[in-house]
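Coordinate inspection notes
The lines below spell out each chain.
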Amino acid sequence: MVRRPVAAVVAVVLFAEAFGVAALNWFLGLVVDRQNMSLAGLDPDVMSMSSKIGGILFGLYFALCGVVALLVLIRDRPPAGLGRVLLISVAVVHGLLGAFTWGPVGRTAFVFMMVVLALIVLLLMSYDRQETPPTPEPAPAGPSDTDPSDTDPSAGSPPTAGPSDESHLRVTP
C-alpha cells in the first residue's frame, strides 16, 4: 500500500518545515534586533520578539502536524478528531503559502508547496476507502430458527433469550 510511505514522507517534510520556519523567523528576529529596524514606528524589540515567538509557535504547529503524520504511520489507521483537523488545516496552510509564494519567491517554492499539499491530501484520502469486512454466511435454517409456538399451540410461551453464539454476526475491526 501507499499509505505508510506517504505518511513517512509527510512526517519528515513537516518536521523539516517546522525546523526551517522556526530557524528562519528566529534569524529574521535577530536581523531586526541588530539593525534596530522599525516599521511604521513600532518598537524594534517588540518586532524582534514577536518574530521569534511567531516562528516558534508556527514551528510547533508544523511539528505537531508531523507527530500526527507519524502516528498515522505507526498505527496504520486514519487520523481522527483533532489529528484529522490538524492535517486538513496544514493542507490549507500549504495551499495558501503556495499561492503567496508564486510571485515573491518563485516557481520552485510554489511547486514544493503544491507537492507537500498533494502528499497531505493523499495521506488524508488514502484512508477514506475502508476495506469492507467479508459478508457473513447465513446460518443454515434448522429447528432452532423456528418459533415453537408457531408449530405447536400447546407449547406455551416462547423460550427466554439467553446467551447465544452470534459471533458470525459481529464485525471486528
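Everything below is about the structure shown above.
Summary of the structure given here. Computed from a prediction, not measured in an experiment: that's the story for all the values here.

1. A few points about the packing of aromatic side chains
- Summed over the entire model, instances satisfying the criterion amount to four aromatic pairs.
- Measuring from centroid to centroid gives 5.8 Å for Tyr61 and Phe62, while their planes differ by 40°, and the two rings are tilted. You'll find Tyr61 and Phe62 in the same group, each marked buried.
- These aromatic residues form a ring-pair network of at least three members: Phe58, Tyr61 and Phe62.
- For the cation-ring pair, Lys52 lies above Trp26, with the distance from its terminal atom to the ring centre recorded as 4.9 Å.

2. Here's the deal with helix α2 (residues 44-75)
- For α2, which comprises 32 residues, the first-to-last C-alpha distance of 46 Å matches the rise-based estimate of 46 Å (1.5 Å per residue) to within 8%.
- Following α2 by one or two positions, Asp76 adopts a phi angle in the positive range, close to 55°.

3. A short note on the side chain of Lys52
- As for its position among the elements, Lys52 is in helix α2.
- Of the side chains with opposite charge, Asp33 comes closest to the buried, unpaired Lys52, at an N-O distance of 4.9 Å.
- Ignoring sequence-local partners within four residues, the contact set of Lys52 consists of Asn25, Trp26, Gly29 and Leu30.

4. As for the environment of Val6
- Relative to the elements of secondary structure, Val6 occurs in helix α1 (residues 3-35).
- Judged by relative accessible area, which is 7%, Val6 ranks as buried.
- When neighbours within four sequence positions are excluded, Val6 is seen to be in contact with Leu119, Leu122 and Leu123.

5. Remarks on the nonpolar core
- Counting residues in hydrophobic clusters, the biggest one holds 25 residues, and the most contacted among them are Val10, Tyr61, Phe62, Val90, Ile120 and Leu123.
- Sorting elements by how many residues they give to this core places α1 first, with eight residues.
- Setting aside anything within four residues of it in sequence, one finds Phe62 in contact with Leu14, Glu17, Ala18, Val21, Val90, Val93 and His94.

6. Here we look at the environment of Thr108
- Here Thr108 shows up in helix α4 (residues 107-126).
- Look at Thr108 and you get exposed, because its relative accessible area is 68%.
- With ten residues separating them in the primary sequence, Thr108 and Gly98 have C-alpha atoms 9.9 Å apart.

7. So, helix α3 (residues 82-101)
- Here α3 is 20 residues long and its end C-alpha atoms lie 28 Å apart, about the 28 Å a rise of 1.5 Å per residue gives.
- Of all the positions in α3, only Gly83, Leu86, Leu87, Val90, Ala91, Val93, His94, Gly98 and Thr101 are classed as buried. Down the axis of α3, the buried side of the element spans an arc of 160°, and every buried residue falls inside it. Residues of α3 that are exposed and point over 90 degrees away from its buried face: Leu82, Val85 and Phe100.
- Check the buried side of α3 and you find it contacts α1, α2 and α4.

What counts, and where the lines are drawn
- Counting starts from 1 at the beginning of each chain's written sequence and moves along it residue by residue.
- Where local features are concerned, this predicted model is filtered to residues with pLDDT of at least 70; where side-chain atom pairs are given and counted, the filter is 80 or more; whole-chain, interface and lining totals use all residues.
- Note that the side-chain values use all heavy atoms of the structure and ignore hydrogens as well as water.
- The aromatic pairing rule takes the rings of Phe, Tyr and Trp, using the six-membered ring of Trp, and pairs them if the centres are within 6.5 Å, calling planes under 30 degrees apart stacked, those over 60 edge-to-face and the rest tilted.
- Note on exposure labels: buried denotes an accessible area under 20% of the residue type's maximum, exposed denotes more than 50%, and partly exposed covers the range between, all computed with a 1.4 Å probe on protein chains only.
- Ring-over charges, as used throughout, are those where CZ of Arg or NZ of Lys falls within 6 Å of the ring centre and within 35 degrees of the ring normal.
- Helical segments are the DSSP runs of H or I of at least four residues, strand segments are the runs of E of at least two, and each set is numbered from the N terminus.
- Between the first and last residue of a helix there are one fewer steps than residues, each counted as 1.5 Å, and that sum is the expected span.
- Just so you know, the count uses Lys and Arg for positive and Asp and Glu for negative, and it drops His and the chain ends.
- Basic side-chain nitrogens of Lys or Arg form a salt bridge, by our definition, when they fall within 4 Å of a carboxyl oxygen of Asp or Glu.
- Contacts were defined at the residue level, with two residues in contact if any of their heavy atoms lie within 4.5 Å.
- Put simply, buried Ala, Val, Leu, Ile, Met, Phe, Trp, Tyr and Cys residues joined by side-chain atoms within 4.5 Å make one nonpolar core.
- This arc is taken over the directions from the axis of the helix to the C-beta atoms.

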